Amino acid sequence: MAEASQDKPDLTNGVPENDLGDGAMLVGQVGGEAVLLARRGREIFAIGATCTHYGGPLGEGLFVEDTMHCPWHHACFSLRTGEALAAPALNATSCWRIERRDGRIFVRDKMPEVGRQMPATLRPTDGLSGRMVIIGGGGAGNAAAEMLRRGGYAGGVTIISDDAVAPYDRPNLSKDYLAGTAPEEWIPLRPPEFYANNGIELRLSTTATGIDIAGRRVMFGGEELGFDKLLIATGAEPIRLDVPGADLPLHFAIARSRSTSSRPRRGLRSACSGRSSAISCGNSTRAAASCSISARRRCLGRCRLRRGRHRRAAAHSPRATGRIGDRSRCVGRRIS
Ligand SMILES: Cc1cc2nc3c(=O)[nH]c(=O)nc-3n(C[C@H](O)[C@H](O)[C@H](O)COP(=O)(O)OP(=O)(O)OC[C@H]3O[C@@H](n4cnc5c(N)ncnc54)[C@H](O)[C@@H]3O)c2cc1C
Ligand code: FES
């Protein structure tokens, strides 16, 4: 989580303007809340220094024009308003008013979140209209629906998802959730009432089986739904291990959805109580996911990571390589 703020300078006492050069950042605190000061040319910004995704330290992030990118999973925040401009953060961070006086910069009060919240009621004349259909209720589909509303889209928004539950934090399924240390309430991206309050229709346990582009219809079961705009955000399915015994229920499991993640959770516990090794396979981001599964397994008991397709994934993806390296060190084996 983000650093403790008490030992940081109190920004209400002011800092010398000369200490904050062009492109520089400084993390301080206001009333115990970590606040990031950043300067671009003559402009000075102050926003909450803690990422609203999983608490990453924004002061260690990447400062690009008037935005700040979280160093952990690269969420992007506006320095002007605190708005979460890019995934995976969904909520804005705080935004503070500053005052420049006698060569010093003072952070004053927190700005109201006006203009950064979704409208309480939809105003059909404000934005575009028509029905937007999104196939896929993962992080991408959810973010698209939210951004449409935040941007003032006043037409119908429908998410069709073959999942039985509302959009949730899938990456956590191989981490704290798998280890049993994340409570259930951490997993949904939004509370159930969020969708109704924002005019986002969720059609769960519904598999889109066909699209009629010319007729602008999505088919599911015997039903169909017309659309003006369509977004396909169906993600990808993991490649299953093609070896004898791959269908054994407790030995091979994929933590992909909330319903299937309980199976590896049980499997890991059972494996940890008996056997001492696991093969975890994956590709690209899934290699990182499978490494994190191994790391969770170590938390639960003994774990030995066997190298498989991780090496290939590492060669193809520098971003994955770093994460795989971290995870591998975590489980005590280095992948070179
Ligand atoms: C266990 C696990 C751990 C991960 N950990 C990390 C991590 O640490 N870091 C990282 O960067 N990434 C991680 N990932 C990858 C990350 O979760 C994905 O990149 C991300 O979920 C992709 O989001 P998405 O919305 O595009 O697709 P998905 O999350 O796959 O969502 C697509 C949705 O569409 C639904 N769908 C598919 N076809 C249809 C259809 N025909 N009709 C209706 N619905 C349909 C699917 O059921 C699913 O709910 C992990 C993935 C897994 C499985
Ligand atoms: S903690 Fe900042 S993007 Fe995840």
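Residues numbered from 1 in each chain as written. Chains lettered and ligands numbered in written order. Predicted model: local features only at pLDDT ≥ 70, side-chain atom pairs only at ≥ 80, totals over all residues.

## Here we look at the pairing of strand β11 (residues 131-135)
Applicable threshold: Three exposure classes are used, all based on how many other C-beta atoms lie within 10 Å of a residue's own C-beta (placed from the backbone): buried at 20 or more, exposed at 12 or fewer, and partly exposed between those limits. Numbering goes from the N terminus for both helices and strands, where a helix is a DSSP run of H or I of at least four residues and a strand is a run of E of at least two. Should DSSP find at least two bridges between two strands, the strands are regarded as paired. Here, the term right-handed applies to a crossover whose path from the first strand over the helix to the second runs clockwise when the strands point away from the viewer.
Most of β11 sits out of view: four of its five residues are buried. In this structure, β11 lies alongside strand β12 (residues 156-160), joined through five bridges in parallel fashion. Bridge pairing in β12 links Met 132 to Val 157. For the handedness criterion, the β-α-β arrangement of β11, helix α1 (residues 139-150) and β12 is classed as right-handed. As judged from the four bridges shared by β11 and strand β17 (residues 229-232), these two strands associate in the parallel manner.

## A few points about the site of ligand 1
The test is simple: Placing a C-beta atom from the backbone of each residue, we mark the residue near a molecule or strand if the atom is within 6 Å of it. Under the scheme applied, nonpolar residues are Ala, Val, Leu, Ile, Met, Phe, Trp, Tyr, Cys and Pro; charged residues are Asp, Glu, Lys and Arg; polar residues are all the others, including Gly. Note: domain ranges come from an automatic or database domain assignment.
Taken together, 25 residues are adjacent to ligand 1, and Gly 136, Gly 138, Ala 140, Pro 171 and Gly 235 come closest. Of all the elements in the fold, those that place two or more residues in the shell around ligand 1 are α1 and α5 (285-300). Split by residue class, the shell around ligand 1 holds ten nonpolar, eleven polar and four charged. In this structure, the shell around ligand 1 is formed jointly by two domains, domain 2 (131-169 + 182-232) and domain 3 (258-330), each of which donates at least three residues.

## Examining the sheet that holds strand β4 (residues 43-48)
Hydrogen bonds between backbone atoms are what pair the strands of a sheet, whose relative direction is either parallel or antiparallel. Threshold: Helix axes are fitted only over the stretch in contact, all axes being lines through C-alpha atoms; the angle between N-to-C directions runs from 0 to 180 degrees.
Taken in spatial order, the three strands make up an open sheet running β2-β3-β4, and their pairing is antiparallel. Each edge of the open sheet carries a strand with a single partner, namely β2 (25-30) and β4. The mean angle between the axes of side-by-side strands here comes to 30°, regardless of whether they run parallel or antiparallel. Two elements, strand β3 (residues 33-40) and β4, share six bridges in a ladder whose sense is antiparallel. Note that in β4 the partner of Leu 37 across the bridge is Ala 46.

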